[in-house]
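So you can see what is in the structure, the chains are spelled out below.
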Amino acid sequence: MLWFRNLQIYRLSADHALTSESIGTELAKRPFVPCGNMDMQSCGWVAPARHAPEEFAFVRQDAVLISLKTEEKVLPAAVIKDELDQRVLHIEQEENRKVGRKEQREMKERITDELLPRAFTRSRTNRALLDLANGLVIVDAASAAKAEYLLSTLRETLGSLPTRLIDTEISPAMAMTDWLTSEPPAAFSIGQDAELKVPGDEGSIARFKRQVMDCEEVRQHLEAGKIATRLALAFGERLTFTLTEALEIKSLAMLDVLKDEVKDMDAETQDALFESQMALLIGELRGFIPELVKALGGETQKI
């Protein structure tokens, strides 16, 4: 199923000059190549759709789906340390001398080089949607660091990628706190998970799971000065998600209405199913993100 579960949302500069054709051309110049014997890590672009292996930029409705694959060697530090300790002990016993720090560092580098070709590898794939029609880059990543890794690689590949994290007039924390004390905008409803925190690095935290938010306990925490840093929400009858104070979308999921639409997709082949799922993803994000930004007071106009 083609679906984004965690959203990191960026605004493309109005003068970005990117096109779907230019993106596809540049990504094809940096395809994924597995790690060589002496490589700790390798990354490159892969085709997002199996039925279109030559399309590094899968384009539909003026939106570009891309996929970055990263492969890493798994070489635990404990394995290197055990081998180093054995070699140091052998030298000290055979040569009757202490092995200095500099020599140990050199030995550690040699051991790493020797073990690399035999190390296991693990891989991951991260996707992003470049909505050229609306000037957004939406990365499916659970953390800002993972999203920035994809963006920095894309920036290197394209030569330029003028983006910034989307910002709103009302901070998510202030908005979520207000919604808990009054009510959210009409398009949204409050779920049963939340995190409330006293502002500051050392502030106490209260977490709620499967708890109705309109209750005395939640009100007491808010009256004591805590603000909402995470809040489960629903968008109409189509989506559920958790909003964070950093304007991250976590655990984006379909409600029954949308699930039924997926089940009813009339697709005779896997190719057609992928196309339908991408159309659904684009449509839902284009409906959801603007409404969320609107609920947060609109987007700030940065120069």
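All figures in this text were calculated on a predicted structure; none of them were measured in a lab.

Cut-off values and rules
- Residues numbered from 1 in each chain as written.
- Predicted model: local features only at pLDDT ≥ 70, side-chain atom pairs only at ≥ 80, totals over all residues.
- Heavy atoms only, no water.
- Helix = DSSP H or I, 4+ residues; strand = E, 2+ residues; numbered from the N terminus.
- Rg over C-alpha atoms; globule rule 2.2 N^0.38 Å.
- Buried < 20%, exposed > 50% of the residue type's maximum accessible area, 1.4 Å probe, protein only.
- Contact = heavy atoms within 4.5 Å.
- Areas by Shrake-Rupley, 256 points an atom, 1.4 Å probe, with all protein chains shown as cover.
- Lys, Arg positive; Asp, Glu negative; His and termini not counted.
- Charge placed at Lys NZ, Arg CZ, Asp CG, Glu CD.
- Salt bridge = Lys/Arg side-chain N within 4 Å of Asp/Glu carboxyl O.
- 1 Å grid on protein atoms, 1.4 Å probe; cavity = no way out; pocket = protein on both sides within 12 Å on 5 of 7 lines; lining within 4 Å.
- Points joined across faces, edges and corners; volume = space filled by probe spheres on them.
- Nonpolar A, V, L, I, M, F, W, Y, C, P; charged D, E, K, R; others polar.
- Phe/Tyr/Trp six-rings, centres within 6.5 Å; stacked < 30°, edge-to-face > 60°.
- Lys NZ or Arg CZ within 6 Å of the ring centre and 35° of its normal.

1. So, the overall build of the protein chain
For the protein chain, the count of helices and strands is 8 helices and 12 strands. Its C-alpha atoms give the protein chain a radius of gyration of 25 Å, more than 25% over the compact-globule value 19 Å for 303 residues. When the backbone C-alpha atoms are referred to their principal axes, the protein chain occupies close to 80 × 55 × 45 Å. Taking all 303 residues of the protein chain together, the buried fraction comes to 44%. Put simply, 68% of the contacts in the protein chain that link residues at least 6 apart link residues at least 24 apart. Summed over all atoms, the accessible surface of the protein chain reaches about 16500 Å², with 48% contributed by carbon and sulfur. Charge centroids of the protein chain, computed over 38 positive and 50 negative side chains, lie 6 Å from each other.

2. Details of the pattern of salt bridges
Counting across every chain of the model gives 22 salt bridges. Across the pair Glu299 and Arg11 runs a salt bridge whose closest N-O atoms are separated by 2.7 Å. In this pair, Glu299 sits in the segment after helix H8 (270-295) while Arg11 sits in strand S1 (residues 7-12), placing the two residues 288 residues apart along the sequence. The closest approach of N and O atoms between Arg219 and Asp214, which form a salt bridge, is 2.8 Å. Of the residues examined, Arg219 reaches a relative accessible area of 33% and is grouped as partly exposed. Using a relative accessible area of 63% as the deciding quantity, one classes Asp214 as exposed. Connected via shared salt-bridge partners are Arg11, Arg164 and Glu299.

3. Some remarks on the layout of surface pockets
Its boundaries defined by the atoms lining it, the largest pocket holds a volume of some 300 Å³. What lines the largest pocket is simply Met1, Leu2, Pro48, Ala49, Arg50, His51, Arg127, Gln270, Asp271, Leu273, Phe274 and Gln277. Here the element with the most residues in the lining of the largest pocket is H8; it accounts for 5 residues. Partitioned by chemical class, the residues of the lining of the largest pocket number 6 nonpolar, 3 polar and 3 charged. Considering only enclosed or pocket space, the second largest pocket measures out at about 160 Å³ in volume. Lining of the second largest pocket is provided by Asp193, Ala194, Glu195, Arg207, Phe208, Lys209, Arg230, Leu231, Ala232, Thr242, Lys250 and Ser251. Secondary-structure elements contributing two or more residues to the lining of the second largest pocket are strand S8 (188-197), strand S9 (205-208), strand S10 (227-235) and strand S12 (249-254). Grouping the amino acids of the lining of the second largest pocket by side-chain chemistry returns 4 nonpolar, 2 polar and 6 charged.

4. Points about the packing of aromatic side chains
Evaluated as defined, the whole model comprises 5 aromatic pairs. Here the aromatic rings of Phe188 and Phe235 are separated by 5.4 Å at their centres, their planes lie at 40°, and the arrangement is tilted. Of this pair, Phe188 sits in strand S8 while Phe235 sits in strand S10, and the two are 47 residues apart along the sequence. Here Phe188 matches Phe235 in class, with each residue buried. With 5.6 Å between their ring centres and 55° between their planes, Phe235 and Phe288 make a pair best called tilted. A residue pair is termed long-range when its members are at least 10 positions apart, and Phe235 in strand S10 and Phe288 in helix H8 qualify at 53 residues. Residue Phe235 is classed as buried on the basis of its relative accessible area of 13%. A relative accessible area of 0% places Phe288 in the buried class. The ring of Phe58 carries Arg60 above its face, with NZ or CZ at 4.2 Å from the centroid. Stacked on the ring of Tyr149, the Lys or Arg Arg124 has its end atom at 5.5 Å from the ring centre.

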